[in-house]
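Here is how the chains run, residue by residue.
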Amino acid sequence: MEFNLKTSHPVKLRSACLIIAVSEPRKLSTTGQIVDKASKGSLLKIIRRGDMDGRSGQSLLLHNLPGIRADRVLLIGCGKDGDMNETAFIKTIGNMSAALENCGASEAHAYITDIPVKGRDVRWKVQQTVLKMSHCQYRFEQLKSNSSDKKKALRKLTMNVPGKRDLAAGESAIEQGIAISAGISIARDLGNLPSNICTPSYIAKQATALAKGQKKLKVTVLEEADMRKLKMGSLLSVSAGSRQPAKLITLQYQGGNKKDQPVVLVGKGVTFDTGGISLKPGAAMDEMKFDMCGAASVIGTISAVVAMNLPINLVGIIPTTENMPDGLATKPGDIVTSMSGQTIEILNTDAEGRLILCDALTYAEKFKPRCVIDIATLTGACIVALGKIPSAVLGNHPALIKDLIQSGNQIEDRLWELPLWDEYQEQLKSNFADMANIGGRDAGTITAACFLSRFTKKYKWAHLDIAGTAWKSGEAKGSTGRPVSLLTQFIINQT
Ligand code: BES
Ligand code: MN
Ligand code: ZN
């Protein structure tokens, strides 16, 4: 979809559809009032008949309004003025997208900046509109014989901005919005693909394809034999039960000077998590195809950074494998040696994410990172603690955590910090090895992070648990692409 900016007068404007905000009760936006005047009060007359009072979720499509040149006028309910916050704005854009989908216009002109959001400028509104519209228009239909028959789809959205001075900021917001949306789309596709297609080899192939023809992007793929040489006993213990070979993918983007220390992203890429010998119960097990969404978010973020040609060095590390039960699979009680030399008693083979991440985190040291962020669908406990609104963040460097939280707030892809206090480390005690891979029932998200913290002592590190945010269950089942926008915003802020 194409996005544009304009500053135009709503009455003179030729467009297939003019979009106007209405707030409660029956209050027209500034643009709405101008249009109403030009149409000799017919807009207010229609509203007063009771078809539209401005509630959030409402929309009303009008044809042939007198006095203006646009073919249609779409009224979008915004709720009460005072109630309009970031979440409500994004919801309103979602409603606008749905209403547009049901009308025949292939092009529309939206007066979005009429919608007041406290503390947010034109630039923010433009970017959020691009992100939300792209999100709503995303379809995953490559595995359906017949794609859903849409009416003539919207091809172009023009956003009106108040003045010419808003154009520069708006244009850069669109550019970034498009790059981030494309990254989100890549991440969602990878997440939504089933595990019989999206195997570790498939992810390696996609990463390689992303780097093809990109001078600044290099990819390397380590095979299991290479990992054995590097003594990645922990990672290999997870792939032991799988017929699909594990891969360790590294994407290196050099947008900065050769000597600049890179930001390193490490993404969990378990293409299917059965639990292994500690087999998961059957209900909703299909959703464990999403257990590679951390890896997908790394690929999506790198693709956005490449598209924006950002002046920074960035490394993506993706340990990817299946977690399967098998005659050769790792069994509870087995003890393995990680690349760091620390030994791990695997008391539960379903706590496999941390087992592949710990070796990838040790491997990250070789890039002399300025900071390392790992992203993982790591614990069901994260959903119990925080639900599906924020991702969890924990780490060893308060300033890094603060920057990540702030980036998330900036682009509406939010984080909430959990404490990584030393007292929790006790839960990982093992009678037979340096540590156990699980910490009991209490504070599951924190003890998982405690486990990782033992492999990240040499650099600034933060861990994002995206178990609650990477995908949706139920009717809207599918991957969300989170936290690509947060990570991309964080990297933009570093430049
Ligand atoms: N991939 C799961 C975490 C998960 C579960 C994410 C449900 C989203 C929804 C992870 O590998 C796992 O199985 N974690 C275990 C850890 C436990 C054995 C300590 C869990 O959360 O139950
Ligand atoms: Mn698991
Ligand atoms: Zn898992």
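Procedures and definitions
- Residues numbered from 1 in each chain as written.
- Chains lettered and ligands numbered in written order.
- Predicted model: local features only at pLDDT ≥ 70, side-chain atom pairs only at ≥ 80, totals over all residues.
- Heavy atoms only, no water.
- Pairing = 2+ DSSP bridges.
- Helix = DSSP H or I, 4+ residues; strand = E, 2+ residues; numbered from the N terminus.
- Donors = N, O, S within 2.8 Å, 3.2 Å for Na, K, Ca; no water.
- Tetrahedral: all angles 85-135°; square planar, octahedral: opposite > 155°, others 65-115°.
- Buried < 20%, exposed > 50% of the residue type's maximum accessible area, 1.4 Å probe, protein only.

Visitor: In this structure, what is going on with the sheet that holds strand E18 (residues 435–436)? I would like to understand it.
Guide: Across a sheet, paired strands are connected by hydrogen bonds in the backbone, their directions being either parallel or antiparallel. An order of E13-E14-E18 is seen for the 3 strands of this open sheet, with the pairing classed as mixed. Both edges of this open sheet fall to strand E13 (334–337) and E18, since each of them pairs with a single strand only. Sheet analysis places E13 next to strand E14 (residues 343–346), joined by 4 bridges and oriented antiparallel. Counted as the bridge partner of aspartate 334 is isoleucine 346 from E14.

Visitor: Sorry if this is basic, but what is going on with the coordination of the zinc ion (ligand 3) here?
Guide: Tetrahedral coordination by four donors places them ideally at 109.5 degrees to one another around the metal; octahedral coordination by six donors ideally gives 90 or 180 degrees. Surrounding the zinc ion (ligand 3) are the protein donor atoms Lys268 (NZ), Asp273 (OD), Asp291 (OD) and Glu352 (OE), at 2.0 to 2.4 Å. Note that the zinc ion (ligand 3) binds 6 donor atoms; their angles at the metal cover 78 to 176°, and the shape is octahedral. Along the chain, the residues donating to the zinc ion (ligand 3) are arranged with the sequence spacing K-x4-D-x17-D-x60-E. For the pair the zinc ion (ligand 3) and the manganese ion (ligand 2), the metal-to-metal distance amounts to 3.2 Å, and aspartate 273 bridges them. Of the residues examined, aspartate 273 reaches a relative accessible area of 3% and is grouped as buried.

Visitor: When you look at unusual backbone geometry in this model, what are you seeing that I'm missing?
Guide: Leaving glycine out, the prevailing phi sign among residues is negative, and the prevailing peptide bond configuration is trans. A cis amide bond links glutamate 24 to the next residue, proline 25, at an omega of -10°. Looking at the secondary structure, you find proline 25 in the loop between strand E2 (18–24) and strand E3 (27–28). Cis peptide bonds are those with omega within 30 degrees of zero, and the linkage from arginine 482 to proline 483 qualifies with 0°. Considering the arrangement of structural elements, one finds proline 483 in the loop between strand E21 (478–479) and helix H14 (484–494). Look at asparagine 309: it is not a glycine, yet its phi comes out positive at around 55°. Residue asparagine 309 is classed as partly exposed on the basis of its relative accessible area, which comes to 43%.

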